[in-house]
Amino acid sequence: MDEEPSALAAEELGFERFHTIIHKRTLKTVGEMKEAILDLYDTWRNKFGVLLFLYSVILTKGIGNVKNEIEDSAEPLIDPVYGHGSQSLTNLLLTGYAVSNVWDGDRECSGMKLQGIHNQATVGFLTLMESLRYCKVGSFLKSPKLPIWILGSETHLTVFFAKEMLLVAPESPSEQARRVFQTFDPEDNGFIPDTLLEDVMKALDLVSEPEYVNLMKSKLDPEGLGIILLGTFLQEFFPDKNSVIPDSFPVYHYNGLKQSNHNEKVMYVEGTALVLGFEDPMVRTDDTPIKRCLQTKWPYIELLWTTDISPSLN
């Protein structure tokens with residue numbers, strides 16, 4: 001994007017005027033892009049900076065590519081009534097792909113291919129909607145490359161992060177096995193038909209000769225119910241569940257809305273996270289939306305904030 005810096009920097013600049021003076025500028029290298037951004041740094045920081053960033057992302061991706069990736073091409077990226085960004089927009093900004101779903105990989109539903117997330121994100125995503133069982137976020141968003149997560153509520157996005165890099169250590173064999181198993185269990189039942197056991201074992205590079213698979217079916221499903229439970233499968237093939245995650249670590253939360261901060265002053269809220277291996281009523285802290293959101297990744301997390309009131313997701 002390129003515009004008139006003096007005009008865009010003016011406080012009285014209106015929405016319509018803004019859209020009459022911006023125009024597209026194509027940059028061919030990352031170096032050119034950095035230089036252009038720095039030249040217009042004040043412009044990017046003003047009240048229309050987010051729109052400039054959004055338009056630049058969409059034009060860089062390509063409007064046609066965005067439309068092809070959205071499940072419903074008629075779905076707006078931003079709600080016209082309330083101004084909320086769609087999941088497709090969130091995914092585009094986090095992963096570079098404007099898909100509408102948060103699970104790992106693609107799924108089929110009634111003959112339709114539903115696209116999900118295909119690679120580990122640099123910044124992750126967790127949502128309160130999962131705690132309400134409206135969706136299931138996959139490992140590629142739950143376990144990002146950096147210990148930074150966008151937290152989604154019904155109406156807003158905030159940021160949760162830590163400095164502890166062990167939180168994003170490479171997948172352990174059992175974590176990988178859980179992720180692969182769940183791709184064969186798209187409805188999150190906690191089990192698969194025993195007919196899929198061979199496919200799961202092949203996907204995990206386990207011995208998958210028919211005779212051995214049949215032996216495992218008998219062992220994992222002794223009652224002959226025709227299903228393989230996730231827990232039983234992991235216990236048999238990946239019994240080592242030792243976690244490298246520390247028991248406690250400093251955490252930070254950021255909410256950019258003034259009205260959601262103490263004294264309407266936007267600032268980071270610091271706290272300490274305790275990650276237990278089981279639910280301990282003796283150390284239970286609270287039952288807030290932010291805790292329920294984080295429990296979709298760490299089921300037995302407890303949070304101790306330095307403020308009297310827990311930070312808001314809204």
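Residues numbered from 1 in each chain as written. Predicted model: local features only at pLDDT ≥ 70, side-chain atom pairs only at ≥ 80, totals over all residues. Heavy atoms only, no water.

### Some words on the environment of arginine 178
Working step 1: With respect to the helices and strands, the residue arginine 178 is situated in helix H10 (residues 173-183).
Working step 2: Taking the C-alpha atoms as reference points, arginine 178 and serine 139, 39 residues apart in sequence, are found 9.5 Å from one another.
Working step 3: Those residues in contact with arginine 178 that lie beyond four places of it in its chain are Leu230 and Leu234. (Helix = DSSP H or I, 4+ residues; strand = E, 2+ residues; numbered from the N terminus. Contact = heavy atoms within 4.5 Å.)

### Topic: the packing of helix H12 (residues 210-220) against helix H13 (residues 230-237)
Working step 1: It is at 11 Å that the axes of H12 and H13 come closest, and there the two elements cross at 120°. Regarding the angle of H12 to H13, the classification is oblique. Seen along the crossing, H12 lies across H13 with a hand that is right-handed. For the pair H12 and H13, contact is made by Tyr212, Met216, Lys219 and Leu220 and by Thr232, Phe233, Glu236 and Phe237, respectively.
Working step 2: Of the residues contributing to the contact of H12 with H13, the split by class is five nonpolar, one polar and two charged. (Axes fitted to C-alpha atoms, helices over the stretch in contact; angles between N-to-C directions. Parallel < 35°, antiparallel > 145°, perpendicular 65-115°, else oblique. Left-handed = near helix turned anticlockwise from the far one by under 90°. Nonpolar A, V, L, I, M, F, W, Y, C, P; charged D, E, K, R; others polar.)

### What to know about the pairing of strand S4 (residues 148-152)
Working step 1: Of all the five residues making up S4, four are buried; the element is thus mostly covered by neighbouring parts of the structure.
Working step 2: One ladder, built from four bridges, connects strand S3 (residues 124-127) with S4; its direction is parallel. Within S4, the residue paired with phenylalanine 125 across the bridge is isoleucine 150.
Working step 3: When S4 meets strand S5 (residues 157-162), the two strands line up antiparallel, connected through five bridges. Across the sheet, tryptophan 149 pairs through a bridge with phenylalanine 160, a residue of S5.
Working step 4: Between S4 and S5, which follow one another and run antiparallel, lie four residues. (Buried < 20%, exposed > 50% of the residue type's maximum accessible area, 1.4 Å probe, protein only. Pairing = 2+ DSSP bridges.)

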